[in-house]
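Letter by letter, the chains look like this.
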Amino acid sequence: MARFDRYMLSQLMVLFGFFALVLVSIYWINRAVKLFDRLIGDGQTAMVFAEFTALTLPSVIRVVLPIAGFAATLYVTNRLSTESELTVMQATGFSPWRLARPVLYFGLIVGIMVAMLANVLVPASLKQLQLRETEISQNVTARLLTEGTFLHPTDGVTFYIREIAPDGRMNDVFLSDRRNPNESVTHTAASAYLIRTETGPALVMIDGLTQRLSRPELQLNTTHFADLSYSISGMISAEDRTSAHLRHFNTYEMLTIPVHIQVRTGVNTGVFAEEMHTRFTQPLFALAAVLLGFASLLSGGFSRFGVWRQIVIALILLILIKALESVVTEPVLSNSSLWPLLYLPALLGLAIAIALLARSAGQLPSLSAWRRRKAVLS
């Protein structure tokens, strides 16, 4: 590899790592706050939170890498243009195609990383995440037996234990059930025990009081009890987390046993085709985003005022390509035979990048040149 290629590729990789770290951190913080509230609020440990965070990172990184590659390309190309380095290289005989070679290498590296994530790492992480969620959802003790903390095992339910004795007895229990919009029920008990029944886990409360508030008449009824059995199976999500999901299968399995996967997941051929081919279009989009960013800035030439107009154009083109992805997805979901449409946005991005490079090389006349030629001919 030529010295210029190594120099530009090293600049791209450094900035790519920086932008990827920043964007992953932003995405991660947004998800980690919700994940922290859900896990820690359910009585899980910090290690479980760290494990769940690690399992969600591949999905976040897959989304971030193409954007980070695009941002790194814009930044490096803008800096090289502002400092006249690209102008000097062009003066020495480097064509736009030659200048784009390190960018192509960089785009291929980013594309390979996205391909590894989309086809192998993300399905494996989502599958492991499902298994861990299943284990935690079945662990009633971890969800409920936490003393001194107000817990929310499900929406509309609040549970509190002041103290847990060594023999398993729970002292000073508070349970509020607001899942029924027409009625709010609050149980308080001096002590309680957690038992297993044929219908699921139950909480047996001893020496307590039940307060039932009816709406909308706002009528309050109170009942003292010596013992009361309260089923808590409803606090555990009834969703079958052990069921197979399409995103949990890697691409090799989707290519070799497609019928088996569709039967297990219950999806139609359109959803299956969309998921499988999207895993191939994502690396292509990463390559297209990198080349599009470089070609857009290079097409503007050198200017003392910078290339901000070309940066805006590059951003608009990238947004339009991403918008086109959502447009072509709907027909494929309805008709799996239309799967080639999924490759249209990435291929269009590559075609625009090639056209811009050809224009920079003088192989494709600009719009103003076409107008001048038309005026001369007329």
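Everything here concerns the structure above.
Residues numbered from 1 in each chain as written. Predicted model: local features only at pLDDT ≥ 70, side-chain atom pairs only at ≥ 80, totals over all residues. Heavy atoms only, no water.

## Focus on the nonpolar core
As a rule of thumb, soluble globular proteins bury nonpolar side chains together. Counting residues in hydrophobic clusters, the biggest one holds 50 residues, and the most contacted among them are Met8, Phe16, Leu99, Val103, Phe106 and Phe294. Going through the elements one at a time, helix H1 (3–41), helix H2 (46–82), helix H3 (85–91), helix H4 (96–138), helix H8 (269–298), helix H9 (308–334) and helix H10 (344–360) are the ones with two or more residues in this core. If you tally residues by element for this core, the top one is H8, at 12 residues. Once residues lying within four places of it in the same chain are set aside, the contact partners of phenylalanine 16 are Leu65, Ala68, Gly69, Ala72, Phe106, Val110 and Met113. Ranked by size, the runner-up nonpolar core spans 13 residues in total, among them Phe159, Ile161, Val173 and Tyr230. (Core = buried A, V, L, I, M, F, W, Y, C linked by side-chain atoms within 4.5 Å. Buried < 20%, exposed > 50% of the residue type's maximum accessible area, 1.4 Å probe, protein only. Helix = DSSP H or I, 4+ residues; strand = E, 2+ residues; numbered from the N terminus. Contact = heavy atoms within 4.5 Å.)

## Brief notes about H2
Between the first and last C-alpha of H2 there are merely 47 Å, a value that for 37 residues lags more than 12% behind the 54 Å anticipated at 1.5 Å per step. Within H2, the axis deviates most sharply at valine 64, by approximately 35 degrees, and proline proline 66 lies no more than four positions further along. Serine 84, located one to two residues past H2, shows a positive phi value of around 65 degrees. (Expected span 1.5 Å × (residues − 1). Bend = angle between axes of the 7 residues up to and from the residue.)

## Quick notes on H10
The end-to-end C-alpha separation of H10 is 24 Å, in line with the 24 Å expected for 17 residues at 1.5 Å each. Taken together, the buried positions of H10 are occupied by Pro345, Ala346, Gly349, Leu350, Ala353, Leu356, Leu357 and Ala358. Taken from the residues just after H10, glycine 362 is the one with a positive phi, measuring 80 degrees.

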